[in-house]
Amino acid sequence: MFPILKNAEIAPNIFEMLIECPKLAQKVKPGHFVIVMADENSERIPLTAADFDADAGTLTLVIMAVGTSTRKIVQRQAGEHLFALMGPLGHPSHLENYSIQGHGTVIMTAGGVGTAPIYPIARALKNYGNRIITIQGARNKDLLFWQDKMSAVSDEYIITTDDGSEGRKALVTQPLREILETRESEIGCVYMIGPAIMMKFCAETIAPFQVQGIASLNSIMIDGTGMCGGCRVKVGEETKFTCVDGPEFDARKVDWDILLARQKMYHSEEQCSLRSGRDA
């Protein structure tokens, strides 16, 4: 059992949960993910670490309540427990000082809830001496969160919203393209975390430029240890398992159409589960 110290709604249907887990907090690094179960009968849900404090022995997760299982998790309140919390899993982010390679700036492109997992990566890259440009996007201003955290680790901070209610009225790909067109030689790497469709178009945006692109994939996952094969993705000419080979991959090599199609495999079952929950 893992005690929940805090659970707060920070945007509509988006919750920030602070969990006591001293052993895990000692080992987790930026880019790692964990598997969460609300109770012993729950689905296993993969969530990327949003923050962690080894001294306090805590892990922070940011969860969007979209399906039956994520809704069950966020219903747990401070003082209650999660049944299981397994990790850290996957490979941590590759961190380096890109100025040593002659390109000292990293662009962090975050869409929606992708802001949460991109934050510790941006913070770590900043601590490595990199210059950080953050592009944070959301459908509207109400769905933005952690602006203070992202701004604090960014040398340049750009907000975009689909409806123009905050920052620029644009998709994240627009300022991304503008920066690459004017400052390509300065950019060492572009990180992208968010909905798969956003990452697909970010990958297409960087394709004409000589920059590295890294995407953290959110494929369907069951056991998180490479045994089930549910999270398989095509990267270049190889089949990879997101849970043990990732979750980060070269964004330009990912077959985004296959990933998007696989994310829809259980759509009807997910809708049936939601309806059953409402009817219960």
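Just above, that's the structure.
The rules behind the values
Residues numbered from 1 in each chain as written. Predicted model: local features only at pLDDT ≥ 70, side-chain atom pairs only at ≥ 80, totals over all residues. Heavy atoms only, no water. Helix = DSSP H or I, 4+ residues; strand = E, 2+ residues; numbered from the N terminus. Rg over C-alpha atoms; globule rule 2.2 N^0.38 Å. Contact = heavy atoms within 4.5 Å. Areas by Shrake-Rupley, 256 points an atom, 1.4 Å probe, with all protein chains shown as cover. Lys, Arg positive; Asp, Glu negative; His and termini not counted. Charge placed at Lys NZ, Arg CZ, Asp CG, Glu CD. Phe/Tyr/Trp six-rings, centres within 6.5 Å; stacked < 30°, edge-to-face > 60°. Buried < 20%, exposed > 50% of the residue type's maximum accessible area, 1.4 Å probe, protein only. Lys NZ or Arg CZ within 6 Å of the ring centre and 35° of its normal. Pairing = 2+ DSSP bridges. Axes fitted to C-alpha atoms, helices over the stretch in contact; angles between N-to-C directions. Right-handed = clockwise from strand over helix to strand, strands pointing away. Polar contact = N/O pair within 3.5 Å; in protein donor to acceptor, adjacent residues only side chain to side chain. Core = buried A, V, L, I, M, F, W, Y, C linked by side-chain atoms within 4.5 Å. Salt bridge = Lys/Arg side-chain N within 4 Å of Asp/Glu carboxyl O.

## Looking at the overall build of the protein chain
The number of helices and strands found in the protein chain is nine helices and 17 strands. What you see for the protein chain is a C-alpha radius of gyration of 18 Å, in line with the 19 Å of a compact globule of 280 residues. Seen through its C-alpha atoms, the protein chain measures out along the principal axes to roughly 55 × 40 × 40 Å. Within the protein chain, residue pairs in contact and separated by at least 24 positions form 66% of the contacts whose partners lie at least 6 positions apart. With the model as given, the accessible surface of the protein chain reaches about 12900 Å², and the carbon-plus-sulfur share is 50%. In the protein chain, 28 positive and 34 negative side-chain charges are present, and the distance between their average locations comes to 2 Å.

## Describing the packing of aromatic side chains
For the structure on display, the rule yields two aromatic pairs. When the centroid spacing of 5.6 Å and the interplanar angle of 75° are considered together, the rings of Tyr119 and Trp146 count as edge-to-face. One end of the pair, Tyr119, is in helix H3 (residues 115–127); the other, Trp146, is in the loop between strand S10 (131–138) and helix H4 (147–152), with 27 residues separating them in the sequence. Under the relative-accessibility criterion, Trp146 is labelled buried at 6%. Aromatic pair Phe145 and Trp146: ring centres 6.0 Å apart, planes at 75°, arrangement edge-to-face. Considered together, Phe145 and Trp146 belong to a single accessibility category, that of buried residues. Of the aromatic side chains, those joined through ring pairs into one cluster are Tyr119, Phe145 and Trp146. Over the face of the ring belonging to Phe201 we find Lys200, whose NZ or CZ atom lies 5.7 Å from the ring centre.

## Points about the sheet that holds strand S14 (residues 212–216)
Taking strand neighbours across the sheet as the criterion, the seven strands line up as S12-S11-S10-S9-S13-S14-S17 in an open arrangement whose pairing is mixed. Unpaired on one side and paired on the other, strand S12 (168–169) and strand S17 (248–250) mark the two borders of the sheet. Where strand S13 (residues 187–193) and S14 come together, four bridges link them in parallel fashion. Residue pairing for S14: Met192 is matched across the bridge by Ala215. Against the sheet, H3 engages strand S9 (105–111), S10, S13 and S17, with an angle of about 170° to S9. Running at roughly 160° to S13, helix H6 (residues 196–206) makes contact with S9, S13 and S14 of the sheet.

## Remarks on the pairing of S14
Counting buried positions along S14 gives four out of five residues, so the element sits mostly inside the fold. The β-α-β motif built from S13, the intervening H6 and the parallel element S14 has right-handed crossover chirality. Looking at chain direction, S14 and S17 are connected through three bridges and run antiparallel. Looking across to S17, one finds that Ser216 is bridged to Glu248.

## Some points on the environment of Asp257
Take Asp257: it is sitting in helix H8 (residues 256–263). For the pair Asp257 and Glu238, spaced 19 residues apart in the sequence, the C-alpha separation amounts to 15 Å. Of note is the side chain of Asp257, whose polar atom sits 2.8 Å from the side chain of Lys200.

## Here's the deal with the nonpolar core
As a rule of thumb, soluble globular proteins bury nonpolar side chains together. Core analysis: the biggest nonpolar cluster contains 29 residues, and Ile107, Leu176, Leu180, Val190, Met192, Leu217 and Trp256 have the highest contact counts within it. Elements supplying a minimum of two residues to this core: S10, helix H5 (173–183), S13, H6, strand S15 (232–235) and H8. Counting residues per element, this core draws most heavily on H6, which supplies six residues. Ranked by size, the runner-up nonpolar core spans 27 residues in total, among them Val62, Leu125, Met150 and Tyr191.

## Here's the deal with the pattern of salt bridges
As enumerated under the stated definition, the model contains twelve salt bridges in all. The closest approach of N and O atoms between Glu238 and Lys240, which form a salt bridge, is 3.8 Å. If you follow the salt bridges from partner to partner, you end up with Asp39, Lys72 and Arg76 in one network.

## Thoughts on the side chain of Thr115
The residue Thr115 is located in helix H3 in this model. Here Gly112 takes part through its backbone oxygen, which lies 3.2 Å from a polar atom of the side chain of Thr115. In this structure, Thr115 is in contact with Ala110, Gln136, Phe145, Trp146 and Met150, ignoring residues within four places of it in sequence.

## Topic: the side chain of Thr242
Mapped onto the fold, Thr242 is located in helix H7 (residues 242–245). Among the residues examined, Thr242 registers a relative accessible area of 0% and is labelled buried. Apart from residues lying up to four places away in sequence, Thr242 is in contact with Leu217, Ser219, Met221, Cys231, Val233, Pro247 and Phe249.

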